[in-house]
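Chains, contacts and geometry: an overview
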Amino acid sequence: MKSRQFAFIAMLLTAASIAGSGVPPTGPIPDGRPAGSVEIIDLNGLRNIEFGDTEDELTRRGILRTDMEACGPMLAGHDTVSPVFAEDKLVLLWVGDPMRTPEGITVGSPVDQVWSRYPSVTRLHAPQGTHRFDGLLARSGDRAYLFLHDGRTVRKTIAGYADWARRLFDEGAGPC
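Keep in mind that this is a model prediction, so the values were computed, not measured.

**Quick look at the overall build of the protein chain**
For the protein chain, the count of helices and strands is four helices and 12 strands. Here the protein chain holds 176 residues, and the buried ones make up 35% of them. Sequence-distant contacts in the protein chain: of pairs separated by 6 or more residues, those separated by 24 or more amount to 47%. Accessible area for the protein chain stands at about 10,700 Å²; split by element, carbon and sulfur atoms hold 52% of it.

Below, the structure written as structure tokens:
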């Protein structure tokens, strides 16, 4: 290869590298995932689903599906969300990826990131001898996020009424 060809190829590679470099976009959208596939879970619930909604109301609106073979009712269009009802009211939502909090926390987020985004988080320890995850409870008024983690990363996110999130953690029950 002649030195001119080598210089030309080196210049092209350098230009391509510079064109593709830069600061990654900020915000809650994970790498390689289209923006439309990410949904936000906040302390009110999801888009068009709020904590405190009744099972009947969600069923009437076509959001709650009980006709599927699952461990409990499912939310239409939300494959990674499990609703938890108590006394006919929606009290918690178990959510998985691609659901994330407005602060960008999702399954796979580092525990350090939870601490930095929720400075008043409370550490919860799973009982010794169980196969349960430890938790971080980020409370705001009567609502909270419960982040179950393995010490390094978030494994599950639960949002809803704070008392129910704490009760769920203490009793070790799942959505089924």
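**Description of the packing of aromatic side chains**
Applying the stated criterion to the full structure yields four aromatic pairs. Positioned above the aromatic ring of Phe169, the side-chain terminus of Arg132 is 5.6 Å from the ring centre.

**Topic: the environment of Thr106**
Residue position: Thr106 is located in the loop between strand S8 (99–100) and helix H3 (111–117). Sequence separation of Thr106 and Ile41 is 65 residues, and the distance between their C-alpha atoms is 9.7 Å. Side-chain polar atoms of Thr106 contact the backbone oxygen of Met99, separated by 2.7 Å.

**Structural notes on the nonpolar core**
Membership of the largest hydrophobic core comes to 42 residues, with the highest contact counts inside it found for Leu46, Leu75, Leu93, Val114, Tyr118, Leu146 and Phe147. Among the elements of the structure, strand S6 (81–86), strand S7 (89–95), H3, strand S10 (134–140), strand S11 (143–149), strand S12 (154–161) and helix H4 (162–171) are those that each provide at least two residues to this core. Ranked by residues supplied to this core, first place goes to S7 with six residues.

**Observations concerning the environment of Leu93**
Note on placement: Leu93 falls in strand S7. The spacing of Leu93 and Ala159 is 66 residues in sequence and 5.4 Å in space, taken between C-alpha atoms. When residues no more than four places from it in sequence are discounted, the contact partners of Leu93 are Ile41, Gly45, Leu46, Phe51, Leu75, Val81, Ser82, Pro83, Thr157, Ile158 and Ala159.

**Examining the pattern of salt bridges**
Applying the stated rule across the entire model yields 10 salt bridges. Among the salt bridges present, the one from Arg152 reaches Asp150, with a minimum N-O distance of 3.8 Å. A relative accessible area of 62% means that Arg152 is categorised as exposed. One salt bridge in this structure joins Asp150 and Arg155, with 3.1 Å as the shortest N-O distance. Members of the salt-bridge network, linked through shared partners, are Asp53, Glu57 and Arg61.

**Examining the sheet that holds S10**
Here six strands make up an open sheet; going across it, the order is S6-S7-S12-S11-S10-S9 and the pairing antiparallel. A strand with exactly one partner marks an edge of an open sheet, and here the two such strands are S6 and strand S9 (122–124). In this sheet, neighbouring strand axes are inclined to one another by 20° on average, regardless of whether the strands run parallel or antiparallel. Across four bridges, the pairing between S7 and S12 is antiparallel. Across the sheet, residue Leu93 finds its bridge partner in S12, namely Ala159.

**Quick look at the pairing of S7**
In terms of burial, S7 is largely enclosed, as six of its seven residues are buried. Taken together, the six bridges between S6 and S7 define a ladder with antiparallel strand orientation. Across the sheet, residue Val84 finds its bridge partner in S7, namely Leu92.

**Comments concerning the side chain of Thr54**
By the element assignment, Thr54 lies in the loop between strand S3 (49–50) and helix H2 (55–60). Overall, Thr54 belongs to the buried group, its relative accessible area being 19%. Only 3.0 Å separates the side chain of Thr54 from the backbone nitrogen of Glu57, close enough to count as a polar contact. Ignoring anything within four residues of it in the chain, the contact list for Thr54 reads Phe85, Asp88 and Lys89.

About the thresholds
Residues numbered from 1 in each chain as written. Predicted model: local features only at pLDDT ≥ 70, side-chain atom pairs only at ≥ 80, totals over all residues. Heavy atoms only, no water. Helix = DSSP H or I, 4+ residues; strand = E, 2+ residues; numbered from the N terminus. Buried < 20%, exposed > 50% of the residue type's maximum accessible area, 1.4 Å probe, protein only. Contact = heavy atoms within 4.5 Å. Areas by Shrake-Rupley, 256 points an atom, 1.4 Å probe, with all protein chains shown as cover. Phe/Tyr/Trp six-rings, centres within 6.5 Å; stacked < 30°, edge-to-face > 60°. Lys NZ or Arg CZ within 6 Å of the ring centre and 35° of its normal. Polar contact = N/O pair within 3.5 Å; in protein donor to acceptor, adjacent residues only side chain to side chain. Core = buried A, V, L, I, M, F, W, Y, C linked by side-chain atoms within 4.5 Å. Salt bridge = Lys/Arg side-chain N within 4 Å of Asp/Glu carboxyl O. Pairing = 2+ DSSP bridges. Axes fitted to C-alpha atoms, helices over the stretch in contact; angles between N-to-C directions.

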